Amino acid sequence: MEIAVISGKGGTGKSAVSAAFATLNENVVLADCDVDAANLYLIFNPVIREENVFVSGQKAIIDKDICTNCGICMDYCRFDAITENNGEILIDETSCDGCQLCARVCPVEAISMIKEDKSRLYAGDFRNGKMAYGRLSPGEENSGRLVDVVRDKAKELAIASAIDMIIIDGPPGIGCPVISSVTGVDRVVVVTEPTLSGLHDLKRTLEVTSNFNIKTQVLVNKYDLNETMTDNIEAYCGEQGIAVTGKIPFDPQVVEAMVHCQSIVEYAPDSEVAHVISKAFEVI
Amino acid sequence: MERMGLKIAIASGKGGTGKTFVSTNLFNVLMQESVPVTLVDCDAEEPNDREFIPGDNTNSFDVTQEVPVIDTATCTFCGKCAEYCQYNAIFFLQEERVIQVMEDLCHGCGACFVACEYRAITPKESVLGTVNSFQITENTTLIEARMKVGVHSPVPVVKAAIKQAKPTDLVLMDAPPGTSCPFIQTVNLADYVILVTEPTPFGLSDLKQSVETLKSMGKRYGVIINRAGLGDEGVFNYLEQEKISLLMSIPFDREIASVYSTGKLLTNEFLEWKAKFRELFNIITAQYGNSSY
């Protein structure tokens, strides 16, 4: 069974919930798919058994010795990545999308493509099973392909170790990496918070999960910081036919647990937060 | 004295640290002093600034890209377009004579149009999102980038939104989270970057990654710590060691959280915070070496 924890809005407590889920059961595979800001390894300090290079894309570079500064490539580039400065043609690495069209149209073959190979996939053991996570190198495109690779690795680890539970900690937002994180999973848990932004982002997130017809449930974190807004979230979910399976109170122990490299169920097993999260997990 | 344009990006590696909170409050104090300022909400996946800053929607336009339409009657099924496509957006089976465009994967680079020797491919506009402008007061504007649900990347919409801001203006950019492409595209255009973080091991880990990225880009930056009092000393120690400017420290406070949660601005509710955000802007302009504001 694959469970994905996502949030739309960042900082709602998605990773804290994933970490709690991962420590409720003996033996799970934990897949940290927030490849742009992978953090769960900080709590679980996994023993890395495997490190693989992930090629996220490619970038064009110009060989100045060959380039005649004719500017044809500049006319074809749709990403405004090629500019002319005092008669010299330059490629802006940041804007280059790696489509390779400039290299194809260059009459003197002055442009070549180099691989972006600084991103990594890691796999290893942690105290409750196996763990896979990705680290996207800054500036590289978060296309969702690294998320796919992390999920494939998690499945491989699950089969090899006969573990039937995979917990996916997804990225924030609603773009490609999120879609890659939830496609084909058995259950999505959306963690939100009782703020106007939280509700707004929840709506956009539920639009994504309903497009994919995935069984979805919602957890409201820090619900007591604004109970009126929590009611609004519950009302909205009710209209959409989506269950709110837990309301987690604000508790500084959640952050303290993180500081101590533990999940809340490890750090404060008798806290209400731990109870609410355990119950939500039982529902699944 | 002619005012120079100044672009300030408000960014964070980790999501939910308070970028929108800082952006909207900074905008608010400048607006109240009649400073001409434009706020661009670059978090196109989840734009929220407009919920804090009411104004009339004065202009909206779609951001589109050209996707290919293949005329299968003209197509010779040579496969050159599929070979040119770096995004696997053209599904092609030569023997079965099947060719299909996967619009979701297309980046609009135009390579397939160049590839086709038989004029079988024509362009079609596909909507990636919208840019919405809101007039807040006479000389202040909010520009929102809003990506369409299901689109592969927010970058084209973000770029189009930033282009709407006049280069001579003071521009605040509420950046997307993370350090990948959308973040880089936003901060690349900034003269100064405010990194918002929280004092936790997660916050510290993401802050370090953001700082390394900004260093490699040669950007000026400073840090705001939000929800101080929760967590540990890690972020504070890191800033001291690396001699990074701590611009502001916002304590964790149920009252602040409650003000934010209802879509209100802290700088409208508490005078002391109005003064603190004004001071924040003074520190930044002093660091940037432009004190004409």
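Not measured: the values here are computed from a predicted model.

Asks: Report on the environment of A:Gln262, specifying residues and quantitative values.
Replies: Position of A:Gln262 among the secondary structure elements: in the loop between α9 (253-259) and α10 (264-267). In this structure, the C-alpha to C-alpha distance between A:Gln262 and A:Ile43, residues 219 residues apart in sequence, is 5.7 Å.

Asks: With reference to specific residues and values, describe the packing of helix α1 (residues 19-32) of chain B against helix α10 (residues 271-288) of chain B.
Replies: Residue and element names in this part refer to chain B. For the pair α1 and α10, interaxial distance at closest approach is 9 Å and the crossing angle is 90 degrees. As far as their axial angle goes, α10 and α1 are roughly perpendicular. Where α1 approaches α10, its residues Phe-21, Val-22, Asn-25, Leu-26, Val-29, Leu-30 and Gln-32 are matched on the opposing element by Lys-274, Phe-277, Arg-278, Leu-280 and Phe-281. Here the contact of α1 with α10 is composed, by residue class, of eight nonpolar, two polar and two charged.

Asks: Give me the lowdown on unusual backbone geometry, citing residues and values where you can.
Replies: Most peptide bonds take the trans form, and the phi angle of most residues other than glycine is negative. Residues and elements named next belong to chain B. If you check the backbone angles, Phe-77 has positive phi at about 60 degrees while not being a glycine. Phe-77 gets classed as buried once you look at its relative accessible area, which sits at 8%. A positive phi angle, close to 50 degrees, is found at Arg-119, a residue other than glycine. If you trace the backbone, Arg-119 turns up in the loop between α3 (111-115) and β6 (121-137). Overall, Arg-119 belongs to the exposed group, its relative accessible area being 78%.

Asks: Give me the domain arrangement of chain A: which residues, what numbers.
Replies: Along its sequence, chain A is carved into domain 1 (2-55 + 119-283) and domain 2 (57-116). For domain 1 of chain A and domain 2 of chain A, the distance between their C-alpha centroids amounts to 40 Å.

Cut-offs and rules
- All residue numbers here refer to positions counted from 1 along the written sequence of the relevant chain.
- Lettering for chains starts from A, numbering for ligands starts from 1, and both go in the order in which the items are written.
- Totals for whole chains, interfaces and linings use every residue, but because this is a predicted model, local features are given only for residues with pLDDT of at least 70 and side-chain atom pairs only at 80 or more, for both listing and counting.
- With hydrogens and water excluded, all non-hydrogen atoms of the structure serve as input to the side-chain values.
- Secondary structure follows DSSP: runs of H or I at least 4 residues long count as helices, runs of E at least 2 residues long count as strands, and numbering of each begins at the N terminus.
- Geometry is summarised by axes, namely lines fitted to C-alpha atoms with helices restricted to the contacting stretch, and by angles between N-to-C directions that run from 0 to 180 degrees.
- Our angle categories are set so that under 35 degrees counts as roughly parallel, over 145 as roughly antiparallel, 65 to 115 as roughly perpendicular, and the remainder as oblique.
- Every residue pair with non-hydrogen atoms within 4.5 Å of one another is taken to be in contact.
- Nonpolar residues are Ala, Val, Leu, Ile, Met, Phe, Trp, Tyr, Cys and Pro. Charged residues are Asp, Glu, Lys and Arg, and all others, Gly as well, are polar.
- Exposure is judged per residue with a 1.4 Å probe applied to protein chains only, and the accessible area is read against the type maximum: over 50% gives exposed, under 20% gives buried, and values in between give partly exposed.
- Each domain's extent is set by a domain assignment, obtained either automatically or from a database.

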